Structure formats: C-alpha cells, structure tokens
Amino acid sequence: MKKVFSRPRSLRKVPFHYCPGCGHSIIHRLVAEVIDEMGLREITIGVPPAGCAVLAYFYFDFDMGESPHGRGTALATGLKRALPDRLVFTYQGDGDIAAIGTAETIHTANRGENITALFINNACYGMTGGQMAPTTLLGQNTTTSPGGREGLRDGYPIRLSEMLALTDGSAYIERTAVNSPVNIRKTKKAIAKGFKVQMDGLGFSLIEIVSPCPTNWRMSSHEACQWIEKEIIQYYPLGVIKDVTKRGQGC
Amino acid sequence: MNGRTSLKGYIEIDREFCKGCKLCIEFCPKGIISLSNNLNQKGYHPAYFTEENTKKEKRQCTGCSICAIVCPEVAIEVYRG
Amino acid sequence: MRGNHVVAEAAIRAGCRFYFGYPITPQNETPEYMAAALSKLKDGVFIQAESELAAINMVIGGSMAGVRVMTSSSSPGISLKQEGISYLAALELPAVIVNMCRGGPGLGNIAPAQSDYFQATRGGGHGDYRNIVLAPSSCQELAELTMEAFDLADIYRIPVIILADGMLGQMMEPVEFPDHKNPKKLSPKDWALTGAKGRPGRVIRSLILDPVLEEEHNWKLMRKYERIQKKEVRYETFLLGDAKMAVVAFGTAARIAKGAVQKVREQGLKVGLLRPISLWPFPEKVLVELGKRVKLFFVFEMNMGQMVEDVRIALGRDGDIHFYGRPGGVVPTPLEISRIISSHYLRKRL
C-alpha cells in the first residue's frame, strides 16, 4: 500500500483554529500543496490578513509578514519590489481586500505588481462574528444586515474580480470555490496558475475563492457547500475572468 | 469490473485533528465513513473508517482520496495499492 | 540645494534605494527628486502610491524585506500614516519618515509650522510606543540628520521621523554631503523576511493574543526606548554660559530665536538659547541642569504650545516658563521675538 495523500511539507502539523468545515483550512492545504509541488517554499513570502486567517503564520512553514487590515497588497508591493525574485502572495478575506483594502487592491492591480492575491470570499466577516461583508448577498442575513441585505440601504455585493479585470496591469483573475472535490481541485490549479503568472512576471494575479463559513451562515458544513452552489455561485459565477496567457480570453 | 483488478484503498483518520464536520462522510462515494459516538479531546465526534478491520479483498474503499481532499483539517491520510 | 532635494539625496547616500511617496505641498520636490534619481539606479525603486496610507504600508513591506526604505509627506499625509507607523513600532521595523510640517489642523495651508510636535513625539498612532524624532534647522543639518536617521533606525529597529517644516523644505542653502554608503555593505539583518532557504519559516507579526505576552512585548519596547533616551539625545546650546534667561526653540523657530538672542545680547541682556535637535528623546537632563542656575525660561514655537509641555515636565514647578506661539503658518521676525524676550527679561530685573 503506497501512501497517496498526506500533509504537505509546507503545512506545519498543527491543528487549525478554524471552525469545523471552514474553507480556510482547505485553502491553506491547497496553497501549501502548490508551493511544495512548484518547489517554491524557500522563496515564498506570504502576507496574512487581519481576519480569521491572520493565524495562517502558525500553519505555513515559510516566511510570512502580517499586514494591517486591508493593506496586504500595498505591503506585498513593498516586499516584492525589494525582493523581485521571490514569490509574494497575500491571503485576504472579502472585507480585507474588497472593503477597507479596495484602493490598495485596485492600484496594486493597476500597477501590474507581480504578486498573487488570494481573495477568500465567505460572504461575511468571519473573525468578528458574521457581520455583512462587501460580498454578502442581497437578502442574506448577517449580524449587521438584519432581515437581509438591501441594495439601496447596504450596498450591492461587489464584483471586485470583474472590476480588477479591467485594469491593464492584471494578468490572471479566476474565481473558484472549495465547496466540492471538483471545485477544490480547480482551486488548486487556479492557485498554481496564479503563482506561475507571477513567477513569469506577467503582472498581477488574483484568485477569488468562494469559501464556506458554516458558523456564521448558521448552517452545517455540507449545507454551507450546497448554499454556495445554490446562491453564491449564481451571483458570483465561477471561471477564468481574465487570462493574458490565452489570446482573446476574458474581458 | 472490466477485467482489471480494481485497486484497493485504506485511510487513516486522525481522530484528534477531526472536528466532526462530516464533509468526508457526505462526499465519500462508497459511504464507508461514519461518525463515532465517542468524543475526542476537543469534544467532537470524530469520523472513522468503517472498513478499518475489513480484509483488503472485501474492502470497497478504492483510495480515491475524495475524503482527504474535502477534509478541512488535513486529518486523513490515504493509501492505495 | 533645496531642502526637499537635500533629504532625498541624503537618503540615497545613506544607502536607501526604496522610496514610496505621494504628492503634497510643501514636500513635492522630494518624491520628484527620488523619481528621477532612483530610476537611474539599477537597484532603485520609486513608487508614487495611491495614498500616503498605501505608501507607509509599502514601507512596512520593504522594511520587512530588510532594505533601507523611506517615505515623506506633510502634516495631513503624515496623519494618514499613523496606523502604519504604529505597526512599524510594534513590528520593530526600521524606516525613515520625513514630515515637512505645514499649517494645520485640517487642510490648513502650505506655510511652515511646528504643530505636529505632539503627533511625532507622543507616538501618533495607537498603542504605547515612541518614535525617534529629529528636528533639523538648516539644509546642512537636514542632510546629516537624514543619514543618521537611517543608522538609528537600523540600530534600534525603530521608525525615525525627521520633523522639519515647509520653509526648510523650500529653503536653498549650501550643503556638504557625507560620502555614499553602499546598500550591499550595510550590516545584514538576520530578522528580515527573505525566503526560508534552509531554515524554518520566519514570521514578522504584531498580533499577540495572550495579554501576558503582549505586556512583555511592551516592556521590551520600553527597555529599547530607555536605551535610546540614555544614548541618543541631541541638542545645541548658544550663549548659555553666562545666561540668566534661556530661550528654548527647535527647527525654524530656533533660527529665528537665535537672531533674537543676538539682538538682545547687543542690548547687554544675558540671554542664551537651548535648541533641542532630538525632540524625542527630549533633552530633559540639560534643561534640569540649566534650571539650577537659570530662573527664567522663554519657549517659542510655531504652534499653540506643544514642546513647552516637555519643558514644564523637565523643570517642574521651580521653572518660571513663558511661552510665545505663532501657529497656522505665520513666521514672526527675530526683531518681534527679541522685543518679547527683552520685555520678560526686564520685567524680572535680572
């Protein structure tokens, strides 16, 4: 019997603090797997956000520099410009990248910075207890959109990935999800593609990953995966949004 | 079977890492993982491999790794052969 | 050379190859100079960020990678950087931040002022921390202090603020620069993030959830600040030897005060000047010594009275301290200040 699946080297053998069924845990493993398979561990510098995933530096066994909430892409810009041959990626929640960090994200993309932003879209602010996020769906109930989000009162769910595809500096943007084995595999490929685009120096890459947050959605892990399929993906379709490596693709 | 001897698999679930989220149970094509009714140190009912003691030939598990792929806690190791 | 250019040239000579800034009068010439100069250097990086806030976070990123890095702005822009400066202090990251202070508060104006003294010397952002704050009063000193700032930042792993003002930034004076430092020959930083080659992953973070550990981190920072207070105080004295009255002023205000002291000396009044150069660490000891033989103090600032509080803290109740402030970008003449000094002096019949 050959072992065909085990913990990636870049992921410390430490239990996650994440809730049962949380998408962050799965994404952490995928990031570590990709970094191991691409042999990048020794040149990787990650930028964890302020949010549930801030503790990512307990789990990843490579260099990590924590950024103030929302400033990940700006901080990563400084890191990457100082170390142009390293792999620099940010790991940010929807509030981090699409609310407080919107300006930094848009301009980092616009400058075509060779970094990869991992945008974890779990449709709420996880760490702080399930408040409304920029990606919270219309009608979705959160602790700060009681009775469901209303467009004209709370704003509409923002489509940051599509917006960033309009910047000429962005090279690869894809939206995936981790709510099923197939989507998890696609997410892994997308992360690998993002890192490749970065290492090839083609410009800014963004992988938006729709991720279950059972605790704050008040659902079981499996229901959360189904809710992604039924609700989120209708508003946030999965797929490649921009890919400069393929001619005539994307917006 | 189309004459090919089908591969057999085997999984090990780390009961202390498992948080009983049941994703592996939901997604396992053979439905051969279930929740144990005793608790791990954190107070979760951990999942367990029902064919743990079944002989290799009788096992349905093919080592497809879907359980490990969906497991958030990287609690499952998969063997095949 | 113009002050704003001097700062940029001095930074490059100090081995700084990374500058992240944003336009704001009265310091625009610094990013302009950096854009031209750094683009000519193979290892130079200049970014005009989308905001001062983004700029300071790029500084954090660059500093984490172990390079010498600088940003500059003026009062409103410096306010936008306070969150980032608090992180630099907590993360113990070296960086140089230049503030060409202008009339405030709010949008204020573009005239020179010293109203950011508290913001610079009391930390400015959230949490218990201090920054080293150096206040030049000439272009030559601007060059020297900027280069020194980079060394101090690296030695103590702390953000260093150059607190000047719009006048100093726009003023032209002859300057002699110390020679270039090669960034490659700077002392290595074993704490920097460079990629975990042959070592476990390294983390630079300021989130410390356990209050006991966070408290210890604060004590660690405090021990650093005490070391700095013992070793890094800088000041200049002028005609204080036989003085019966001491004027205390920094930066541009000190230049004006020096002119005023010379005027009253011509009238035979025994007045001298103490000019703090390091605003933090504040030159408390020299003031206490001075207070033993000089009973009358006159503090002149281009603000509503900020450094005067540090003077009061140093001298306690026994110092007879008078304050004269001109905020909002008004720059009084030495003659005007000399009249006020002499009126205090004569009223005391010293």
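Since the model is a prediction, treat every value here as computed from it, not as a measurement. (Residues numbered from 1 in each chain as written. Chains lettered and ligands numbered in written order. Predicted model: local features only at pLDDT ≥ 70, side-chain atom pairs only at ≥ 80, totals over all residues. Heavy atoms only, no water.)

Let us now look at the nonpolar core. Of all hydrophobic cores here, the largest spans 118 residues; its most connected members are Phe 20, Met 64, Met 70, Ile 132, Leu 287 and Phe 297 of chain C. In terms of residues, this core owes the most to one element, helix H7 (residues 139-156) of chain C, which gives 10 residues. Shared between two domains, this core holds at least three residues of each, these being domain 1 (3-196 + 218-231) and domain 2 (236-348) of chain C. Excluding residues that lie within four positions of it along the chain, Phe 20 of chain C makes contacts with Gly 78 of chain A together with Val 45, Ile 47, Ala 55, Met 58, Val 59, Val 69, Met 70, Thr 71 and Ser 72 of chain C. Among the nonpolar cores identified, the runner-up in size contains 60 residues, and Ala 32 and Ile 184 of chain A together with Val 70 and Cys 71 of chain B belong to it. (Core = buried A, V, L, I, M, F, W, Y, C linked by side-chain atoms within 4.5 Å. Buried < 20%, exposed > 50% of the residue type's maximum accessible area, 1.4 Å probe, protein only. Helix = DSSP H or I, 4+ residues; strand = E, 2+ residues; numbered from the N terminus. Domains from an automatic or database assignment. Contact = heavy atoms within 4.5 Å.)

Residue and element names in this part refer to chain C. The domains assigned to chain C are domain 1 (3-196 + 218-231) and domain 2 (236-348). Averaged C-alpha coordinates put domain 1 and domain 2 at centres separated by 28 Å. Each side of the interface is counted separately: domain 1 has 32 residues, and domain 2 has 25 residues. With both chains or domains summed, domain 1 and domain 2 bury close to 2400 Å², and 55% of this area falls on carbon and sulfur atoms. On the domain 1 side of the contact with domain 2, Gln 114, Tyr 117 and Ser 137 bury the most area, a combined 30% of that side's loss. Where domain 1 meets domain 2, there are three salt bridges. Arg 122 is the partner of Asp 310 in a salt bridge, and the nearest nitrogen-oxygen pair spans 2.6 Å. Taken together, the links from domain 1 to domain 2 amount to 17 residue pairs in polar contact (both at pLDDT 80 or more). (Buried area = accessible area lost by both parts, 1.4 Å probe. Salt bridge = Lys/Arg side-chain N within 4 Å of Asp/Glu carboxyl O. Polar contact = N/O pair within 3.5 Å; in protein donor to acceptor, adjacent residues only side chain to side chain.)

Residues and elements named next belong to chain C. Ordered in space as S8-S10-S9-S12-S13, the five strands form an open sheet in which the pairing is mixed. On the outer flanks of this sheet lie strand S8 (235-238) and strand S13 (320-325), each paired with one strand and no other. Along the sheet, successive strands turn relative to each other by an average axial angle of 20 degrees, direction set aside. With four bridges connecting them, strand S9 (residues 245-248) and strand S12 (residues 296-301) associate as parallel partners. Residue pairing for S12: Val 247 is matched across the bridge by Phe 298. In the packing of helix H13 (residues 334-347) onto the sheet, contacts are made with S9, strand S10 (271-276), S12 and S13, and the angle to S12 comes to roughly 160 degrees. (Pairing = 2+ DSSP bridges. Axes fitted to C-alpha atoms, helices over the stretch in contact; angles between N-to-C directions.)

This next bit is on the pairing of strand S4 (residues 76-80) of chain B. The sheet contact formed by strand S1 (residues 2-5) of chain A and S4 of chain B spans three bridges and is antiparallel. Of the residues in S4 of chain B, the one forming a bridge with Lys 2 of chain A is Arg 80 of chain B. Here five bridges tie strand S1 (residues 9-13) of chain B to S4 of chain B, and the two strands are oriented antiparallel to one another. By the bridge assignment, Ile 13 of chain B is partnered in S4 of chain B with Ile 76 of chain B.

The partner chain B presents 31 residues to the 30 residues of chain A that form the contact. Taking both sides of the interface into account, the surface hidden between chain A and chain B amounts to around 2400 Å²; carbon and sulfur atoms contribute 65%. The largest contributions to the chain A side of the interface with chain B come from Met 1, Phe 5 and His 222 of chain A, which together make up 27% of the buried area. Between the two partners, chain A and chain B, sit two salt bridges.

A word on the side chain of Asn 122 of chain A. Within the secondary structure, Asn 122 of chain A is located in the loop between strand S5 (116-121) and helix H6 (151-154). Setting aside residues up to four positions removed in sequence, Asn 122 of chain A forms contacts with Asp 94, Ser 211, Cys 213 and Trp 217 of chain A.

Here Leu 53 of chain C lies in helix H3 (residues 52-64). We classify Leu 53 of chain C as buried; its relative accessible area is 17%. In this structure the C-alpha to C-alpha distance between Leu 53 of chain C and Ile 155 of chain C, which are 102 residues apart in sequence, comes to 25 Å. Once residues lying within four places of it in the same chain are set aside, the contact partners of Leu 53 of chain C are Arg 71 and Glu 104 of chain A together with Leu 80 of chain C.

All names here are of chain A. Applying the stated criterion to the full structure yields zero disulfides over all chains. Not engaged in a disulfide, the cysteine Cys 52 finds its nearest cysteine sulfur in Cys 22; these two sulfurs lie 6.3 Å apart. Under the relative-accessibility criterion, Cys 52 is labelled partly exposed at 22%. (Disulfide = S-S within 2.5 Å.)

Okay, the interface of chain A and chain C next. Contact with chain A, which involves 33 residues of that partner, is made by 35 residues of chain C. Of the roughly 2600 Å² buried between chain A and chain C, counting both surfaces, carbon and sulfur atoms make up 60%. Our enumeration of links across chain A and chain C arrives at four salt bridges. Between the two partners, chain A and chain C, sit 18 residue pairs in polar contact (both at pLDDT 80 or more). Here the side of chain A that touches chain C is composed, by residue class, of 15 nonpolar, six polar and 12 charged. (Nonpolar A, V, L, I, M, F, W, Y, C, P; charged D, E, K, R; others polar.)

Residues and elements named next belong to chain C. Read across the sheet, seven strands follow the order S2-S1-S3-S4-S6-S5-S11 without closing on themselves; strand pairing throughout is mixed. Whereas interior strands pair on both sides, the edge strands pair on one side only; in this sheet they are strand S2 (45-48) and strand S11 (278-280). With strand direction ignored, the average angle separating the axes of adjacent strands in the sheet is 20 degrees. Across three bridges, the pairing between strand S5 (residues 132-134) and strand S6 (residues 159-165) is parallel. Counterpart to Ile 132 in the pairing with S6 is Val 160.

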